[in-house]
Each structure stands twice: as structure tokens, then as C-alpha cells.
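# Results of the structural survey
Residue-level listing of the chains:
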Amino acid sequence: MQTSARLAQFYQDYRHSMTALSYRLTGSWSEAEDIVQEVFAELQQNVLADSIRQPKSYLMRAVVNRSLSALKSPRMSRELYTGPWLPEPVFDPLPETQLDRLLREEQISYAFMVLLERLTPDERTVFVLRESFALEYEEIADILGKSAVACRKLLSRARQKVKTEHEVTPADEKTVAKWTSEFLKAAKTGDFAPLLEVIREDAVLITDGGGKVRAALNPIFSKERIIAFWAGIQAKGSLQGELVPTQINGEIGLVHYRDGRVIHVILFEGDAQGRIRRFYMISNPEKIVKASSL
């Protein structure tokens, strides 16, 4: 097979999984797409594809290295970010697209992406490579340039940090659809009281405006304060426009449009008892404009 044809085959075979890998590491789908494109462009320019005996390993190493560099760069620093940093939501306004199927198949739920934010870049990488891609410790060590023992320790620390929430069984699709319907009614009428019945006492609302639009600079705790927040912004007209149920990261959420622009993305995270344990509201224009244009 000619080099150009082999490269094209690599791209066809591995582009989606490599993008999913980079997204898990960086929390940004647009960044992940750029990283994968750069890896393949460099491969085309500098390396003979015929010399690559294990293309998946080669590509994973390249994608991991670039993703870690991006994650550790000042432009993606969580420490320098204004307010809570939430991952970039991924959605497509068209029904049942290849992107939706990919997100479900790769199991890149938004709750999982938020969970990964608790980890350091190295912990996150080892956790993803082991838990999501089922790599052996020796393979992970080879990719990261660390010892297998060091990788085991990183994974142990990562598992400790996410243990409690990683084991939570999410609510089923029918339950989430019901929450979405109830939220839509409340947004129109201003009566959020019915939602109190399905929100946990220890629920949390996290908003991400990135310092570019108004948003709560700290998480909001307890269902009473959360309801007060939603009722307050509804009364101010902040929910005016069209709230559209949409597949976001392979799950149902709401995309808020006004004058043809995406204003907010709202997601619900539930528990096995059918109650809402977390709300996520992403308003940073850079994140939602990129996400909606995929």
C-alpha cells in the first residue's frame, strides 16, 4: 500500500478514537480535534507511514503528548480561569448524528468529564488510558516515559479521588427526559417549585461564564438556593428565547438559543434514585460557540 493511502487508512481508522482520547484529557472537543489534525499533519510531513508497525500506539503517544502540553499551558490553565471551569459540552443541533453515536459509544458523558477535572494531568492521563482504553501498565509507562510502578501509583491516587462518584449509577434516559420537560415548563412559567421534588438536598449548581458573561463565581449548594437561582434569572429575563432538548455528550440536555445564538447549555446529572444531584450551566461563549459548530 502506498504511503498516502496508508496514511488515509490510519486517519479513517483512528481519528475518532484519538479525538475522544484527547477530549478526555483536555476537556475541549475543539482543542482535541485540532490536536489530532496536527498529529496527522506532522505524520504526513515527517514520517513514512510504511515504517510504523503499531499505528495505534504511535498515534496515542503523539496525541497524549500534545494533549498534556495543551493541558499544562497557560491558555488552558484552570488556576487562571475566572470562576468554575467546566468541560466544553459537545452537541450537534441535528438529530442522531455520527457525533452523537460516537459520544455514546465512547461513553464520554458530561458527568465523567467533570469527574476528570479532579485529577492532575498525569493522573488524568493514566486513569483515562487504563479505565477507558484498557491499556496495560507497561503500555502506559511507555507512552508517558514513566515506570510501570509510577503509573500504578498515579492510577491509585486517581481512583481514590474519583472513587465515590465514579461508582454512582446515573439516572436513566426517561428520568432525565422528565427533568428536562419539567425545567422547560418552569422556565416558561417561572414556577420552579415542582422541581423541588426531584432535587437532592445536597444538590449543587455549577455555572461557567469564564469571566466573559455573568455567572455565579462559586458553586451554589442546596436545592432551595438552586431553585432561587433559577427563579431569579428567569424573572430577569435571562431564560427568554428557545430552550431546545438536545443530545449533549450523548445525553439529553438543553441548549438555550436567543436570536439564533447559543446563550447557555444546561445539563442535569442524576443519581440511581431518580433525583438531580448536579446542574451544569455553561455560558462561556468560546465554549458553546465552538461546541455548537462541530
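Scroll up to find the structure this text is about.
Residues numbered from 1 in each chain as written. Predicted model: local features only at pLDDT ≥ 70, side-chain atom pairs only at ≥ 80, totals over all residues. Heavy atoms only, no water.

Pairing is mixed across the open sheet formed by six strands, whose spatial order is 2-1-6-5-4-3. If you trace the sheet from one side to the other, it starts and ends with strand 2 (220-221) and strand 3 (242-248), each paired once. Taken together, the seven bridges between strand 3 and strand 4 (residues 251-258) define a ladder with antiparallel strand orientation. Within the sheet, the bridge partner assigned to L243 lies in strand 4 and is H256. Relative to the sheet, helix 9 (residues 173-189) contacts strand 3, strand 4, strand 5 (261-270) and strand 6 (276-282), its axis offset from that of strand 4 by approximately 25°. Each of strand 1 (199-208), strand 2, strand 5 and strand 6 is contacted by helix 10 (residues 223-235), which is oriented at about 45° to strand 1, the strand it contacts most. (Pairing = 2+ DSSP bridges. Helix = DSSP H or I, 4+ residues; strand = E, 2+ residues; numbered from the N terminus. Contact = heavy atoms within 4.5 Å. Axes fitted to C-alpha atoms, helices over the stretch in contact; angles between N-to-C directions.)

Take the packing of aromatic side chains next. According to the stated counting rule, one finds 11 aromatic pairs in the structure shown. Here Y11 and F40 contribute two aromatic rings whose centre-to-centre distance is 5.0 Å and whose plane-to-plane angle is 85°, an arrangement assigned as edge-to-face. One end of the pair, Y11, is in helix 1 (residues 3-26); the other, F40, is in helix 2 (residues 29-46), and 29 residues separate them in sequence. Residue F40 is classed as buried on the basis of its relative accessible area of 8%. Ring plane angle 70° and centroid distance 5.4 Å describe the contact between F229 and W230, whose orientation is recorded as edge-to-face. The same class applies to F229 as to W230, namely buried. Among the aromatic side chains, those forming a connected cluster through ring pairs are F183, F192, F229, W230, F268 and F279. Here the basic side chain of R130 rests over the ring of Y137, its NZ or CZ set 4.4 Å away from the ring centre. One residue, K287, lies across the ring of W85, its end atom 3.8 Å from the ring centre. (Phe/Tyr/Trp six-rings, centres within 6.5 Å; stacked < 30°, edge-to-face > 60°. Buried < 20%, exposed > 50% of the residue type's maximum accessible area, 1.4 Å probe, protein only. Lys NZ or Arg CZ within 6 Å of the ring centre and 35° of its normal.)

The tally for this structure, following the rule as stated, stands at 20 salt bridges. Two residues, D122 and K146, come together in a salt bridge whose shortest N-O distance is 3.6 Å. Remark: K146 occurs in the loop between helix 7 (137-144) and helix 8 (148-166) and D122 occurs in helix 6 (residues 121-132); sequence separation between them is 24 residues. A salt bridge links E201 to K223, with the nearest nitrogen and oxygen atoms 3.5 Å apart. One end of the pair, E201, is in strand 1; the other, K223, is in helix 10, and 22 residues separate them in sequence. Connected through salt bridges with shared partners, the residues R200, D202, D271 and R275 form a single ionic network. (Salt bridge = Lys/Arg side-chain N within 4 Å of Asp/Glu carboxyl O.)

Attention now goes to helix 9. Taking 1.5 Å of rise per residue, the 17 residues of helix 9 would be expected to cover 24 Å, and the 25 Å separating its terminal C-alpha atoms lies within 8% of that figure. Along its buried surface, helix 9 packs onto helix 10, strand 3, strand 4, strand 5 and strand 6. Among the residues of helix 9, the N-terminal cap falls to D172, whose side-chain oxygen and the backbone nitrogen of K174 are separated by 3.1 Å. With its phi angle positive at about 85°, G190 sits one or two positions after the end of helix 9. (Expected span 1.5 Å × (residues − 1). Polar contact = N/O pair within 3.5 Å; in protein donor to acceptor, adjacent residues only side chain to side chain.)

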